[in-house]
Amino acid sequence: MTMTTGTENRTVLRLAFWGIPLSLAVLGLKLLAWWLTGSIALLSDGLESTVNVIAAVIAYLMIGYASKPADAGHPFGHHKAEYFSAVIEGVLIVVAALLIVWEAVPAMMAPVLMEAPALGLAINFVAGVINAIWAYVLITAGRKHRSPALSADGHHILSDVVTSIGVLVGLVLAIATGYAILDPLLAVIVACNILYQGWMVISRSIDGLMDRAVSGEEEDAIKQAIAANAAGSLGVHDLKTRQAGPAIFVDFHMVVPELMPVGEAHDICDRIEDAIRDVHPGAKIAIHVEPEGEKAHGVRVKTTVGRH
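Note that the structure is a prediction, hence the values are computed from the model and not measured.

**Focus on the sheet that holds strand β3 (residues 284–291)**
- Spatial ordering of the open sheet is given by β1-β2-β3, a layout of three strands whose pairing is mixed. Single-partner strands in this sheet number two, and they are β1 (235–244) and β3. The sheet shows a mean angle of 10 degrees between the axes of neighbouring strands, direction not considered.
- Contacting β1 and β2 (247–256), helix α7 (residues 216–229) crosses the sheet at an angle of about 140 degrees to β1.

Printed below as a string of structure tokens:
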């Protein structure tokens, strides 16, 4: 195994915590850029960063709750709490987009050129660089540690980076051409992009709440681990997987010779469980052992394995 689940939980929680001061710093820079320039597009960029701050706090709280061990009321753990964080973040993104449109539409009726544009754009650029680095860190960590909350936060911040680049390019054009209407027009385009990102975050989170199976590649790795370590059994069937936040649940039936001692069958199960956890540390595994010739439930062995 590469890392204990406890260590992974602490790493994810630590990253979620540092997202709070970083998002506050970026928000401060973007609001400063707006205050200096009066740009509606820069204000829209700042409003999206306001969502980042709220989302960072929610992600930290939900990741902490999701890492709690299973208890009597939640025997399968609290892993899905992270998906709620991602759903809330998606809703906040949509709210931010509507606020941007609320500010931009009146400004389109009476557009005004920016003040102190060079300084404001430079400050916004620095904020964008910070966001780009942090988005990469969160997306990489979210993928590695199977954290929906970190992944959602990272993808949202990445969309913020794309938005910032578009705003900077557009405002440079507005300054160069003298067309002040490009400023609020860019804000509306930003809002449309944010709406799309919000929908993507919400849809991915709902998919996770619906007990989606692991990817085909991950399932193949599980099948290979079973096949390589099931010697002594007659085969396995009805393999089912699901993912709940960072946790993976694996369930299947294993057929053994009718007269095999319980202890021997148990040893095979232990061997298979260890092999699966080598591939997916912390996996929750349930193996249903069935005697050969069991007909009550219409057992049909789909995958055969060799014996010693």
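**Quick notes on the UniProt feature "transmembrane region" (unreviewed entry) in the protein chain**
- Under the UniProt annotation, "transmembrane region" (unreviewed entry) lies at residues 12–37, 49–66, 86–105, 117–137, 157–179 and 185–202.
- As a span, residues 117–137 carries 100% helix and 0% strand, and end to end its C-alpha atoms are 30 Å apart.
- Counted over residues 157–179, helix gives 91% and strand 0%. Its end C-alpha atoms are 29 Å apart.

**Considerations on the packing of aromatic side chains**
- Evaluated as defined, the whole model comprises two aromatic pairs.
- Aromatic pair Phe17 and Trp18: ring centres 5.6 Å apart, planes at 75 degrees, arrangement edge-to-face.
- For Trp18, a relative accessible area of 49% puts it in the partly exposed group.
- By way of ring pairs, the aromatic residues Phe17, Trp18 and Tyr60 are connected into one cluster.
- In this structure, Arg242 packs its charged tip against the face of Phe249, placed 4.0 Å from the ring centre.

**Section: the packing of helix α4 (residues 117–145) against helix α5 (residues 148–177)**
- Closest axis-to-axis distance for the α4/α5 pair is 8 Å, and the angle between their directions is 155 degrees. Here α5 runs roughly antiparallel to α4, going by the angle between their axes. In the crossing of α4 with α5, the sense of the turn from one axis to the other is left-handed.
- For the contact of α4 with α5, the per-class residue count stands at 17 nonpolar, eight polar and three charged.

**Some details on the confidence of the model for the protein chain**
- Per-residue pLDDT for the protein chain has a mean of 79; in total, 88% of the residues score no lower than 70.
- When the criterion is pLDDT under 50, residues 295–308 qualifies, and its contacts beyond four places in sequence or with other chains add up to 35 contacts.

**Re α4**
- Helix length check: α4 (29 residues) gives 41 Å between terminal C-alpha atoms against 42 Å at 1.5 Å per residue, within 8%.
- Arg146 lies just past α4 and shows a positive phi near 55 degrees.

**Quick look at the side chain of Thr37**
- Mapped onto the elements of the fold, Thr37 is located in helix α1 (residues 5–37).
- In terms of polar contacts, Thr37 uses its side chain to reach the backbone amide nitrogen of Ser39, at 3.2 Å.

**Remarks on the nonpolar core**
- Ranked by internal contacts, the top residues of the largest apolar core, which has 27 residues, are Ile100, Val167, Leu171 and Ile194.
- The set of elements that each furnish at least two residues to this core consists of α1, α2 (40–66), α3 (81–109), α4, α5 and α6 (182–209).
- Of the residues forming this core, the biggest block, eight residues, is contributed by α3.
- Sequence-distant contacts of Ile194, defined by excluding residues within four places in its chain, comprise Glu48, Ile93, Ala97 and Ile100.
- Formed by 21 residues, the second largest nonpolar core is a distinct cluster that contains Ala225, Phe252, Ile268 and Cys269.

Reading guide: rules and limits
Residues numbered from 1 in each chain as written. Predicted model: local features only at pLDDT ≥ 70, side-chain atom pairs only at ≥ 80, totals over all residues. Heavy atoms only, no water. Pairing = 2+ DSSP bridges. Helix = DSSP H or I, 4+ residues; strand = E, 2+ residues; numbered from the N terminus. Axes fitted to C-alpha atoms, helices over the stretch in contact; angles between N-to-C directions. Contact = heavy atoms within 4.5 Å. UniProt positions renumbered as here; feature names shortened; annotations may be inferred. Phe/Tyr/Trp six-rings, centres within 6.5 Å; stacked < 30°, edge-to-face > 60°. Buried < 20%, exposed > 50% of the residue type's maximum accessible area, 1.4 Å probe, protein only. Lys NZ or Arg CZ within 6 Å of the ring centre and 35° of its normal. Parallel < 35°, antiparallel > 145°, perpendicular 65-115°, else oblique. Left-handed = near helix turned anticlockwise from the far one by under 90°. Nonpolar A, V, L, I, M, F, W, Y, C, P; charged D, E, K, R; others polar. pLDDT = per-residue confidence, 0-100. Expected span 1.5 Å × (residues − 1). Polar contact = N/O pair within 3.5 Å; in protein donor to acceptor, adjacent residues only side chain to side chain. Core = buried A, V, L, I, M, F, W, Y, C linked by side-chain atoms within 4.5 Å.

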